[in-house]
Amino acid sequence: MNIRGILNSTSFFSVVLDAEQLDLLAAETREVRFGRGEVIMRQGEIGTAMYVLTDGKVTVSVHQPGGDKVVATLGPGEVVGEMAVITGERRSATVKAKGRVTALEITKAALAPLLAAEPKLAHRFGTMIEQRTGELTGRRDKVRQSISVGLGREQIAARMTSYYSG
């Protein structure tokens with residue numbers, strides 16, 4: 001698997017990171033596999049990793065008073081778990097493998113050296129998160145409050161800076 005190539009073709013990273021930063025991140029990223037029905041992340045947990053899906057599909061569900069509600073199905077090229085890893089917020093949804101899933105795992109520890117070397121990355125990630133949250137919110141208007149942390153790019157960048165410096 002060409003991890004660097006996948007990261008480069010994933011807009012979440014290619015828009016934010018330059019070639020050297022992508023190389024550094026690729027060196028700290030690993031391929032992981034999940035079986036059908038396996039929980040990749042659970043709503044309310046502290047997030048230690050985010051994932052770039054490379055094969056298979058996942059369902060994203062949000063726990064609500066009436067029970068769990070599937071709010072999205074995601075597939076190759078999409079990113080899951082980024083909000084918790086970027087901002088330190090708890091997971092806002094549960095993600096399960098629909099079948100076999102292969103993904104790239106990117107941990108907080110993998111991102112830390114990039115942010116230490118280039119503090120302005122927090123603002124670029126904040127912009128990307130704000131955009132992504134808007135896209136996800138547009139897809140799932142009915143559960144807007146359940147999936148959004150309601151933060152703008154400056155607040156995201158501030159939380160990210162605090163989370164990674166402490």
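Here is what the cut-offs are and how they apply
Residues numbered from 1 in each chain as written. Predicted model: local features only at pLDDT ≥ 70, side-chain atom pairs only at ≥ 80, totals over all residues. Heavy atoms only, no water. Helix = DSSP H or I, 4+ residues; strand = E, 2+ residues; numbered from the N terminus. Buried < 20%, exposed > 50% of the residue type's maximum accessible area, 1.4 Å probe, protein only. Contact = heavy atoms within 4.5 Å. Areas by Shrake-Rupley, 256 points an atom, 1.4 Å probe, with all protein chains shown as cover. Pairing = 2+ DSSP bridges. Axes fitted to C-alpha atoms, helices over the stretch in contact; angles between N-to-C directions. Parallel < 35°, antiparallel > 145°, perpendicular 65-115°, else oblique. Nonpolar A, V, L, I, M, F, W, Y, C, P; charged D, E, K, R; others polar. Core = buried A, V, L, I, M, F, W, Y, C linked by side-chain atoms within 4.5 Å.

What follows covers the overall build of the protein chain. Of regular secondary structure, the protein chain possesses eight helices and eight strands. Going through the 166 residues of the protein chain one by one, you find that 46% of them count as buried. Long-range pairs, those at least 24 residues apart, make up 75% of the contacts in the protein chain between residues at least 6 apart in sequence. For the protein chain, the computed accessible surface area is about 8400 Å², with 47% contributed by carbon and sulfur atoms.

Read from one edge to the other, the open sheet built from four strands follows the order β1-β8-β3-β6, with strand pairing classed as antiparallel. Looking at strand neighbours, the two that pair on one side only are β1 (30–34) and β6 (79–80), the edges of this open sheet. In this structure, strand β3 (residues 49–55) lies alongside β6, joined through two bridges in antiparallel fashion. Note on β6: the bridge partner recorded for Tyr51 is Val80. The sheet strands contacting helix α5 (residues 108–117) are β3 and β8 (101–107), and the helix crosses β8 at an angle near 45°.

Contact geometry for α5 and helix α8 (residues 153–165): axes closest at 10 Å, N-to-C directions at 105°. As judged from the angle between their axes, α5 and α8 are roughly perpendicular. Two secondary-structure elements touch here, α5 through Lys108, Leu111, Ala112 and Leu115 and α8 through Met160, Tyr163 and Tyr164. Here the residues of the contact of α5 with α8 sort into six nonpolar, no polar and one charged.

Let us look at the sheet that holds strand β4 (residues 58–64). Overall, antiparallel pairing links the four strands, which are arranged β2-β7-β4-β5 in an open sheet. Two strands in the sheet have a free side with no partner beyond their single neighbour: β2 (39–41) and β5 (67–74). This sheet shows a mean twist of 35° between the axes of neighbouring strands, independent of strand direction. Judged from the seven bridges that link them, β4 and β5 form a sheet pairing that is antiparallel. Paired with His63 across the two strands is Asp68, which belongs to β5.

Let's shift gears to the pairing of β8. Where burial is concerned, most of β8 is hidden: six out of the seven residues are buried. Where β1 lies against β8, five bridges are found, and the strand directions are antiparallel. Across the sheet, the residue bridging to Val32 is Ala103, located in β8. Where β3 and β8 come together, six bridges link them in antiparallel fashion. Residue pairing for β8: Leu53 is matched across the bridge by Ala103.

So, on to the nonpolar core. Core analysis: the largest hydrophobic core is formed by 30 residues, its most contacted members being Leu7, Phe13, Leu17, Leu25, Ile106, Leu111 and Phe125. Not counting residues within four places of it along the chain, the set of residues in contact with Phe125 comprises Phe12, Phe13, Val16, Leu17, Ile86, Leu111, Leu115 and Met160. Counting residues in each nonpolar core, the second largest holds 19 residues, with Phe34, Val62, Leu74 and Ala103 among its members.

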